[in-house]
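# Descriptive structure summary
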Amino acid sequence: MSIRTLKRMRHMPLLVALALVALMAVPAMSLAAQPTVNLGTTASYAVLAGQTITNTGATTVTGDIGLFPGTAFTGQASVTINGAVNINNAAANQAQLDLVTAYNDAAGRTPVTPIPTELGGTTLIPGVYASAAGTFLITGTLTLDAQGDPNAVFIFQMGSTLTTASASTVNLINGARFCRVFWQVGSSATLGTNSQFVGHIFALTSIAAQTGATVQGQLLARNGEVTLDTNTITNGPCVTVTPTPTPTPTPTPTSTPTPTSTLALSGLKNGVVTLGKGVTAKGKVTPTSLAGSQVKITVQKKRGGKWMNVKSVMRTIRTNGTYSWKYTPAKSGTYRMRTTIASAASKWHGFKAVFPSLTG
């Protein structure tokens, strides 16, 4: 055996150790914070479909609506649209092209953390998640915890379907924002009755929002249809937030101000609204430090001497502490409405909905 060979063998343990150090460094680098997904021109859309858009009931959409290459928007007359409508035009075509880019970006993100299919009852921190089955289900409440970072990104990758159960909720805490939550769906998504969903859905095929489902984010379908049924879909701008430097600690006050929420209803005449017209809830929350949080607005109707929930939506509190929402009763009867923020609820405000001929 040559002297050169003996020297090589003597240094092998050192080389192996260096290789192990290099391998251990790879996971640490991959755990860096995820950048947001670039939406391109789709950023302004609340609803985008490939083939058709079908609506049933009184639906409210805040944001643009697009359709390409399809042309059929069934039930459009029943949709209150706060945005532009682009049907089979250049703008809708570009939005679909940008959707493909965003879809592929979200689908290719790594490192991926494998988790169970059922998301309900869990709390997740920022990252990229997938299930072995290629599907996700939300039953109950999924909590997304940004851990104090308003730019934190959550990405959920699905080879096939996304399904949310009736009355399920996606809850955002510690700075998490709807515009940093992305759902890449390999086939179709279904949002259950009266569910409260948050984030951008990129579906390869179709999306169905069942009766009363509310969405803070986007419903974007590449090849199929988007089906709506008495929904509220709210999209909005999303800016990068510069984290505020941690201030010098100050003595903790002996008491924390209790959040309060005021509420007033407009659109009523002597406490009555005619069917077909809306009641606007306007409120203000204090302290103003709650701006950016969500306030829950609940509408109940009296049936058989009991109050029953008929509608519940979440609204983001503006920087001045105000919020608003317009509700149009579908049936005559006695109603009441109130808002809740944190553990503080406003008083109930009652009104009646009657047929136009009864108002004189």
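### Remarks on the overall build of the chain
- Counting its regular elements, the chain contains two helices and 31 strands.
- Counting the 360 residues in the chain, one finds 41% classified as buried.
- In the chain, once contacts between residues fewer than 6 apart in sequence are set aside, the share between residues at least 24 apart is 54%.
- Taken as a whole, the chain presents about 18100 Å² of accessible surface, with 59% of it coming from carbon and sulfur.

### Let's talk about the side chain of Asp98
- Locating Asp98 in the fold gives a position in helix α2 (residues 90–107).
- Despite its burial, Asp98 pairs with no opposite charge, the nearest such side chain being Arg222 at 12 Å.
- Setting aside chain neighbours within four positions, we find Asp98 in contact with Leu39, Gly40, Thr41 and Thr42.

### Focus on the confidence of the model for the chain
- Looking at the chain, the pLDDT average stands at 87 and 86% of residues meet or exceed 70.
- Of the regions scoring below 50 in pLDDT, residues 1–31 engages in four contacts with residues more than four places distant in sequence or in other chains.

### What to know about unusual backbone geometry
- The amide bond that connects Phe68 to the next residue, Pro69, takes the cis arrangement and shows omega of 5°.
- Considering the arrangement of structural elements, one finds Pro69 in the loop between β4 (64–67) and β5 (72–74).
- Thr286 connects to Pro287 through a cis peptide bond whose omega is 0°.
- When you line up the elements, Pro287 lands in the loop between β25 (279–286) and β26 (294–303).
- A positive phi angle, near 55°, is found at Asn270, a position not held by glycine.

### So, the environment of Leu275
- Take Leu275: it is sitting in the loop between β24 (272–274) and β25.
- The buried category is assigned to Leu275, whose relative accessible area is 19%.
- In this structure the C-alpha to C-alpha distance between Leu275 and Lys352, which are 77 residues apart in sequence, comes to 9.7 Å.
- Discounting residues that sit within four places of it in the chain, Leu275 has contacts with Pro329, Ala330, Lys331, Ser332, Ala353, Val354, Phe355 and Pro356.

Calculation notes
- Counting from 1, residues in each chain are numbered in the order their sequence is written.
- Where local features are concerned, this predicted model is filtered to residues with pLDDT of at least 70; where side-chain atom pairs are given and counted, the filter is 80 or more; whole-chain, interface and lining totals use all residues.
- Side-chain calculation: all heavy atoms of the structure are included, whereas hydrogens and water are not.
- Secondary structure follows DSSP: runs of H or I at least 4 residues long count as helices, runs of E at least 2 residues long count as strands, and numbering of each begins at the N terminus.
- Think of it in three bands: residues with accessible area under 20% of the maximum for their type are buried, residues over 50% are exposed, and the middle band is partly exposed, with areas taken using a 1.4 Å probe on protein chains only.
- The criterion used for residue contact is that any of the two residues' heavy atoms lie within 4.5 Å.
- Shrake-Rupley sampling with a 1.4 Å probe provides the accessible areas, and residues are treated as covered by the protein chains on show and by no other component.
- Under the counting rule used here, the positive set is Lys and Arg, the negative set is Asp and Glu, and His together with the chain ends is not counted.
- Every case where a carboxyl oxygen of Asp or Glu lies within 4 Å of a side-chain nitrogen of Lys or Arg is listed as a salt bridge.
- Values of pLDDT, which run from 0 to 100, indicate the predictor's confidence residue by residue.

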